[in-house]
Amino acid sequence: MSQAIERARTYLKPLKKLPTVWCGGCGLGVVMGSLTRVISGMGIEKNKMATISGIGCTGRLPTYIDTNSLHTTHGRALGFATGVKLANPELTVVTVMGDGDSVAIGGNHFIHACRRNIDITAIVVNNCIYGMTGGQYSPTTPHGKRGTTAPYGNVEYEFNIVSLAAGAGATFVARTTVYHVRELDKLIERAIRHRGFSVVEVVSNCYTSYGRLNKFSGPVDMFKWMKESAVTVKQASDMSPDELVGKLVRGIHVEKDQPEFIDVYDKLARDLTADSSTVNQKLRETIESYERLGDRLKARIG
Amino acid sequence: MSGNNERPIWVLQGNEACSVGAVAAGVNFFAGYPITPSSEVAEFMARHLPLIGGRFIQMEDEIASMAAIIGASLAGARSMTATSGPGFSLMQENLGLACLAEIPCVILNVQRAGPSTGLPTQPAQGDVMQTRWGTHGDHAIIALAPATVLECIELTACCVSLSEEFRTPVVLLLDEVIGHMRESVAIPAPGSYKVRSRPLPSDDEEDYQPFCCRCNDVPPMAHFGGPHRFHVTGLTHDERGFPTMVPAEVDKKIRGIVDKIELKADDLAMNEETMTDDCEVLLFAYGSSARVAKASVKDLRERGVKAGLLRVKTIWPFSGKRLKELAPQLRTIIVPEMNLGQLVTEVERAVAGVAPVRHLGRVDGHLFEPDQITDFVLEEIAS
Amino acid sequence: MTKDSGRFEIRLSGSGGQGLMLAGKLLAEAASVCDGKNTVQTQSYGPEARGGKSKTDVVISAEEIDYPKATRVDVLLAMTQVSADEYRKSLKEDGLFVVDSYLVDDPGHDSAIGIPFTLLAIEKCGRALFANVIALGAIVELSNAVEWESLEKTVLARVPSGTEDVNKRALDVGREAARSATGKAS
């Protein structure tokens, strides 16, 4: 075990000084620990992986992970990840996003990434609040709970990220919490190994912003809440809707085979170029003439 | 221009020519969202990229399109998108990231009349200042404006080259007239241009620093998946790419991304001059307006007015060098633009009162007619 | 006409679906790729091109073309009454005005030449969609805007394979119709 931890530590950037920017007791450290254990355990080459994030507390995570890392604009991690993956499919691409990042400002990108099924893993750390900006309510703040912009309780109703991802067509969807660390390791690994778009929702704690406003006595109290309100997918299947109110259903919710975008695209491209009857003569000639033009343009390179 | 075997003649649409120029210059990744009057570029790329080993994707909006071309460039592709006003507005956010994080990419903006949805199928030149200042914070930008279909090929290739050379986003600013018209093109002779590649670090370089440059050089750029791994952020960063709030480091970074472009303004200037040697009235124009201005210069000469045209192909960075040289001989400078006064402010700044500058604006969704410019000039010199 | 020097402007007008954009492209290609002239072709875009008014302008010149749009038209083709009414005022004083007499009742112009392109297309080529190619044959015969061989070569290179014969027939039908309309012997 300690060997595994030592190996995981080598996946943290040596140049970045710890501690992190995160508050003591924050679940993001647990997520980072889990991700480094998984990618080191899988033996993913550091140069062949890109960890990509948006903005917020979660957005800082790639700064510490010793792979290629890209800290983008708020909500846009999946757009950048799409470009990175399409330009170099050899790379293992993992995005880490918060709840506001992924399903508020980035909601459109999120559902379309689910639909496209490009081989990217999205880890969504859901702490039910905008933490870095000081505790404003987010799309996952439960109805009635408080935020600094919901001082009398949230009037809106929250997203269920798992249902959202499943409804949008994601081919791997799972949920767990930062309390269930072994399950978290297992799910992140399953998600990365899944060929297609995979979503892991990690319910986390933001004591500083969410906990204090919603009558938790400290970070540990929030871990207790996760422990007590989580039920497995199997347990949930025997429970009534009333019994499931306020429960966190953890485990794999969706896992299905569906051709991956780049696999389909590249096969199409191969078929088109190989089959002379498909690419008609005029198109072929046109492409050749562009190539000749390209040669003219490139003649002076170097 | 006549047809011979050495220089074949094609009839191409402006948007199509941009696509041809892009493919010829090695663009192998395109992400975009449909919008009039630029959609022909996306359609061309969707047809051709899979056949030449590239990849095309239609994103959910222009925000994501811009994100995707930046991501692709970081992973080593030559990437491009195409849009028009409303989409260009949405791209400003990530355009800023590309400026700060010094990531090459090319954005085609086929200008249509705005603001807002405006006139989707009608031309304008209203995005000149948005191109320069549309994203927040201090930065510099390179923007080129073609006036012919041949230039759509040449300048798109040039945009690719400049974006790579300077590690920066480059905008091709055309307008609906140029994007949609078809024109005969004598295909350029071999070796007409040079398409550069981004500066690369050596594979065995120890301790690669992705944003470390000496003087005003452009720092070498590795790519994701190559021998160097590195961190990229939209936060202001130090030479290793990590966030910094140290005033001296922040200052150096911001001045660096501006100076690497602004200090080269005179070198980057591409102009075409028509009868400027002895001219007393100078028309200053770009894009489709410059074609009309050229017709007007010929009319004016026939009427005995010593008119000339300075057409700029490089909009940003703005070089006032030629204007300063010409100003002492001029009675007036006339700036026709399909807007209510954008690049004219730079012209005024450059000539600094040495010659009077007059703006002729048109914002009704139509290109100028030669008579309109000619009449304006005649009135100006009479008064 | 003035095909050897200066600027020559052709406007093809009608309604969306009559194939005029394609006809404009073919003219431009014939003029530049085959005849070695400079050409610029522009056209109407947007809602008006979707079934409503449709127009394309082709400017041909041995010299550089600066202003890209047509202003004083040397040849005007109108394939509908609406387009005849709309564009007849753009015609030069000595310009050539050709209408599809099957669809245009009143050209509103003394020297307009009427040829029933759509009817000829149905009767001689089997389908109305050949009216554009027949019209091309007619206006090239009447104006010499491009060399006949250039037009024929361009049309045959651009049409879907298998339709070369019927398109060639369409061009000839147009030429014949133009000759009889102006009293020239074929």
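Residues numbered from 1 in each chain as written. Chains lettered and ligands numbered in written order. Predicted model: local features only at pLDDT ≥ 70, side-chain atom pairs only at ≥ 80, totals over all residues.

Colleague: I'd like a rundown of the domain arrangement of chain B, residues and numbers included.
Modeller: All names here are of chain B. For chain B, the assigned domains read domain 1 (9–186) and domain 2 (270–382). Centre-to-centre, using C-alpha coordinates, domain 1 lies 26 Å away from domain 2. On the domain 2 side, the residues contacting the 25 residues of domain 1 number 21 residues. Those elements that provide at least two residues to the side of domain 1 that touches domain 2 are strand E6 (119–123), helix H5 (128–133), strand E7 (142–144), helix H6 (149–166), strand E8 (169–175) and helix H7 (176–180). A per-element tally of the side of domain 1 that touches domain 2 places H5 first, with four residues. When its residues are assigned to classes, the side of domain 1 that touches domain 2 shows 18 nonpolar, four polar and three charged. (Domains from an automatic or database assignment. Contact = placed C-beta atoms within 7 Å. Helix = DSSP H or I, 4+ residues; strand = E, 2+ residues; numbered from the N terminus. Nonpolar A, V, L, I, M, F, W, Y, C, P; charged D, E, K, R; others polar.)

Colleague: Can you tell me about the packing of helix H1 (residues 14–24) of chain B against H6 of chain B, naming the residues and giving the values?
Modeller: Helix-helix packing is described using two parameters, namely the angle between the two axes and the distance between the axes. Residues and elements named next belong to chain B. At their nearest, the axes of H1 and H6 sit 7 Å apart, and the two run at 35° to each other. Like other packed secondary-structure pairs, H1 and H6 cross with a definite hand, here right-handed. Where H1 approaches H6, its residues Gly14, Ala17, Cys18, Val20, Gly21, Ala22 and Ala24 are matched on the opposing element by Val149, Cys152, Ile153, Glu154, Thr156, Ala157 and Val160. By residue class, the composition of the contact of H1 with H6 is 10 nonpolar, three polar and one charged. (Axes fitted to C-alpha atoms, helices over the stretch in contact; angles between N-to-C directions. Left-handed = near helix turned anticlockwise from the far one by under 90°.)

Colleague: Residues and numbers for the nonpolar core, please.
Modeller: Val84 of chain A together with Leu27 and Ile134 of chain C are the most contacted members of the largest nonpolar core, which totals 255 residues. If you tally residues by element for this core, the top one is H6 of chain B, at 11 residues. (Core = buried A, V, L, I, M, F, W, Y, C linked by C-beta atoms within 7 Å. Buried ≥ 20, exposed ≤ 12 C-beta atoms within 10 Å, placed from the backbone.)

Colleague: Lay out the arrangement of the chains with the relevant residues and their values.
Modeller: Most contacts, when the two pairs of chains in contact are compared, are made between chains A and B. Spatially, chain A is disjoint from chain C: no contact exists, and the shortest C-alpha separation is 10 Å.

Colleague: Let's hear about the interface of chain C and chain B: which residues, and what values?
Modeller: By a widely used convention, the size of an interface equals the accessible area lost when the partners come together. Between chain C and chain B, the contact holds 18 residues from the first and 21 residues from the second. Mapped onto the side of chain C that touches chain B, the elements with two or more residues apiece are helix H1 (20–34) and strand E2 (38–43) of chain C. Its residues placed into classes, the side of chain C that touches chain B shows six nonpolar, eight polar and four charged. As defined by bridge partners, strand E9 (residues 182–186) of chain B adjoins E2 of chain C across two bridges and the pair is classed as antiparallel. The partner of Glu183 of chain B across the bridge, within E2 of chain C, is Val40 of chain C. (Pairing = 2+ DSSP bridges.)

Colleague: Any details on the sheet that holds strand E4 (residues 121–126) of chain A? Residues and values, ideally.
Modeller: An order of E9(A)-E10(A)-E7(A)-E8(A)-E4(A)-E3(A)-E1(A)-E2(A)-E10(B) is seen for the nine strands of this open sheet, with the pairing classed as mixed. With partners counted over all chains shown, the strands left at the sheet margins are strand E9 (230–232) of chain A together with strand E10 (231–233) of chain B, one partner each. Shown here is a sheet whose adjacent strand axes are inclined to one another by a mean of 20°, direction ignored. The sheet contact formed by strand E1 (residues 49–53) of chain A and strand E3 (residues 92–98) of chain A spans five bridges and is parallel. Bridge pairing in E3 of chain A links Ile52 of chain A to Thr95 of chain A.

Colleague: Can you lay out the environment of Tyr207 of chain A for me, pointing to particular residues and giving the numbers?
Modeller: All names here are of chain A. Along the chain, Tyr207 falls in helix H9 (residues 207–213). Sequence spacing of Tyr207 and Tyr11 is 196 residues, and the spatial spacing of their C-alpha atoms is 27 Å. In this structure Tyr207 touches Gly25, Arg212, Phe216, Gly218, Pro219 and Met222, once residues within four positions along its chain are discounted.

Colleague: Break down the interface of chain A and chain B for me, with residues and values.
Modeller: Each side of the interface is counted separately: chain A has 44 residues, and chain B has 52 residues. For the side of chain A that touches chain B, the elements supplying multiple residues, two or more each, are strand E2 (68–71), helix H4 (77–87), helix H6 (107–116), helix H13 (261–274) and helix H14 (281–298) of chain A. For the side of chain A that touches chain B, the leading source of residues is H4 of chain A, giving eight residues. For the side of chain A that touches chain B, the class distribution of residues is 20 nonpolar, 17 polar and seven charged. Inspection of the sheet shows E2 of chain A paired to E10 of chain B by three bridges, in the parallel sense.

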